[in-house]
Amino acid sequence: MASAPRFSRVLLKLSGEALAGEKGHGIDSNLLAEMATEIAAIVKSGVEVALVIGGGNLVRGISASASGMNRAAGDAMGMLGTVMNGIAMQDALDKAGVDSVVMSAIRMEPICEFFDRRKALSLLKSKQVLIFSAGTGNPFFTTDSAAALRAIESECDVIMKATKVDGIYTADPLKDPTATRFDVISYEEVIQRGLQVMDTAAVALCMEHSMPILVFKMIPGNLTEAINKSNLGTLVYMDHSKLVY
C-alpha cells in the first residue's frame, strides 16, 4: 500500500529558465508538457498545488536595468513575463486534465484573475492548481519574495523550490567541486552564510512565519519523489520537530 504524501498543500517555485530547457530562452513545449503531467499526477493523488513561475526565460528586470532601462520599468516587464509563463502552464495543465487558475498581483482581466486570498484558498481546496503570477505586483521584489508571500497567504505546508542542483551546498557545486550538501539547514544559517537559496527578504519572511523551504533538483520524477519521500533535497526550517523527513 502506497504511503500518504508527506505534504498536503505545496507551493512549487519554478524559475522561468526551467521552462526554457537547454535553449535558455522562450518556452520548451515538450518540457512544459512533462512538468504539467507530473503536477497533474500529484494533484490527482490528493495534494493541493500552487505555483509561482519566474519570467527570466522571457525578460529579467535586473538585466534590463543593467542595460540602462529604469529598474521599475524593467521589473514591470518581468512581471508581465511571469503572467505569460503562467498562461502557458495553465494551457499545459488543461491538456494534462487538471483545472487551474492564473491569479495576477496586477489587474489584467480577462486574461487572468486578480489575486484574492479567500478565493485562492477555496480553489485549492477544490483541487484546482493556483498559478500566482506578476510577482508581488511591485518593482524591486523578486519572484522568490512572491513565492514566500503567496505560500504564507495560501497556508501551504512548504515551499518547494526547483533548481539546477540537488539541494543547498556550502558553495556553488557547479563551480566548486569541494562543496558539500546540507540535508537540513536553518534559516539563520542560510542568511549568515549568504547561501543563494532564495533572496534574503524571502528567507526572512519564511523565517518569520515558520514556512519551510525544500530545495531540490527539477528533473522528471523528482517533484513526485520530493513530496512522497524524505531523502531528497535540502530542507530549510526553524522547528523541524513538526516535519517528517
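Here the structure is a predicted model, which means the values were calculated and not measured. (Residues numbered from 1 in each chain as written. Predicted model: local features only at pLDDT ≥ 70, side-chain atom pairs only at ≥ 80, totals over all residues. Heavy atoms only, no water.)

Quick look at the packing of aromatic side chains
Point 1. Scanning the entire structure with this criterion turns up 1 aromatic pair.
Point 2. The interplanar angle of 75° and the centroid separation of 5.7 Å between the aromatic rings of Phe-115 and Phe-132 together place this pair among those described as edge-to-face. Taken as a pair, Phe-115 in the loop between strand 4 (113-114) and helix 5 (117-125) and Phe-132 in strand 5 (residues 129-133) lie far apart in primary sequence, 17 residues in all.
Point 3. For Phe-132, a relative accessible area of 3% translates into the label buried.
Point 4. When the ring centre of Phe-114 is taken as reference, the NZ or CZ atom of Arg-107 above it lies at 4.2 Å.
Point 5. Over the face of the ring belonging to Phe-115 we find Arg-150, whose NZ or CZ atom lies 3.7 Å from the ring centre. (Phe/Tyr/Trp six-rings, centres within 6.5 Å; stacked < 30°, edge-to-face > 60°. Helix = DSSP H or I, 4+ residues; strand = E, 2+ residues; numbered from the N terminus. Buried < 20%, exposed > 50% of the residue type's maximum accessible area, 1.4 Å probe, protein only. Lys NZ or Arg CZ within 6 Å of the ring centre and 35° of its normal.)

Quick word on the state of the cysteines
Point 1. Evaluated as defined, the whole model comprises 0 disulfides.
Point 2. Cys-206 supplies the cysteine sulfur nearest to Cys-156, a cysteine that is in no disulfide, at a spacing of 11 Å.
Point 3. When its relative accessible area of 0% is taken as the criterion, Cys-206 is described as buried. (Disulfide = S-S within 2.5 Å.)

Focus: the side chain of Lys-13
Point 1. Secondary-structure assignment places Lys-13 in strand 1 (residues 9-14).
Point 2. What makes Lys-13 buried here is its relative accessible area of 5%.
Point 3. For Lys-13, the side chain forms a polar contact with the side chain of Thr-143, separated by 3.5 Å.
Point 4. Other than its neighbours up to four places away in sequence, Lys-13 contacts Val-52, Thr-143, Asp-144, Ala-147, Ile-159, Met-160, Lys-161 and Ala-162. (Polar contact = N/O pair within 3.5 Å; in protein donor to acceptor, adjacent residues only side chain to side chain. Contact = heavy atoms within 4.5 Å.)

Re the nonpolar core
Point 1. Core analysis: the largest hydrophobic core is formed by 44 residues, its most contacted members being Leu-12, Leu-14, Ile-39, Met-89, Val-129, Met-160 and Phe-216.
Point 2. The greatest single-element share of this core, amounting to 7 residues, is contributed by helix 2 (residues 29-44).
Point 3. Not counting the four nearest positions on each side in its chain, Met-89 is found in contact with Leu-14, Leu-19, Leu-32, Met-35, Ala-36, Ile-39, Leu-51, Ile-53 and Ile-131. (Core = buried A, V, L, I, M, F, W, Y, C linked by side-chain atoms within 4.5 Å.)

Focus: the sheet that holds strand 9 (residues 184-186)
Point 1. Here we have 9 strands laid out as an open sheet, ordered 4-3-5-2-1-6-10-11-9, and mixed in their pairing. Two strands close off the open sheet at either side, each with one partner strand: strand 4 and strand 9.
Point 2. The pairing of strand 10 (residues 213-217) with strand 11 (residues 234-237) spans 3 bridges and is classified as antiparallel. Opposite Leu-214, over in strand 11, you have Leu-235 as the bridge partner. (Pairing = 2+ DSSP bridges.)

Considerations on the confidence of the model for the protein chain
Point 1. For the protein chain, the average pLDDT comes to 91, and 93% of its residues sit at 70 or higher.
Point 2. Considering only residues more than four positions removed or in separate chains, one finds that residues 240-245, a stretch of pLDDT under 50, has 11 contacts. (pLDDT = per-residue confidence, 0-100.)

Structural notes on the pairing of strand 5
Point 1. The element strand 5 is largely enclosed, with a buried count of 5 among its 5 residues.
Point 2. Of the two faces of strand 5, both are covered, the one formed by Val-129, Ile-131 and Ser-133 as well as the one formed by Leu-130 and Phe-132.

Focus: unusual backbone geometry
Point 1. Omega for the peptide link from Glu-109 to Pro-110 comes to 10°, which places this bond in the cis form.
Point 2. With respect to the secondary-structure elements, Pro-110 resides in the loop between strand 3 (100-104) and strand 4.
Point 3. One non-glycine residue, Ala-134, adopts positive backbone phi at about 65°.
Point 4. Within the fold, Ala-134 resides in the loop between strand 5 and helix 6 (143-153).
Point 5. Using a relative accessible area of 1% as the deciding quantity, one classes Ala-134 as buried.
Point 6. Residues other than glycine seldom take positive phi values, yet Glu-155 does so here, at roughly 55°.
Point 7. Summarising the element assignment, Glu-155 is placed in the loop between helix 6 and strand 6 (158-163).

What about helix 6?
Point 1. With 8 of 11 residues buried, helix 6 is to be regarded as a mostly interior element.
Point 2. Capping the start of helix 6 is the job of one residue whose side-chain oxygen sits 3.2 Å from the backbone nitrogen of Asp-144: Thr-142.
Point 3. One or two residues past the end of helix 6 sits Glu-155, with phi positive at roughly 55°.

Points about the pairing of strand 11
Point 1. Of the two faces of strand 11, the one carrying Thr-234 and Val-236 and the one carrying Leu-235 and Tyr-237 are both buried.
Point 2. Direction of pairing for strand 9 relative to strand 11: parallel, over a ladder of 3 bridges. Its bridge partner lying in strand 11, Ile-185 is registered against Val-236.

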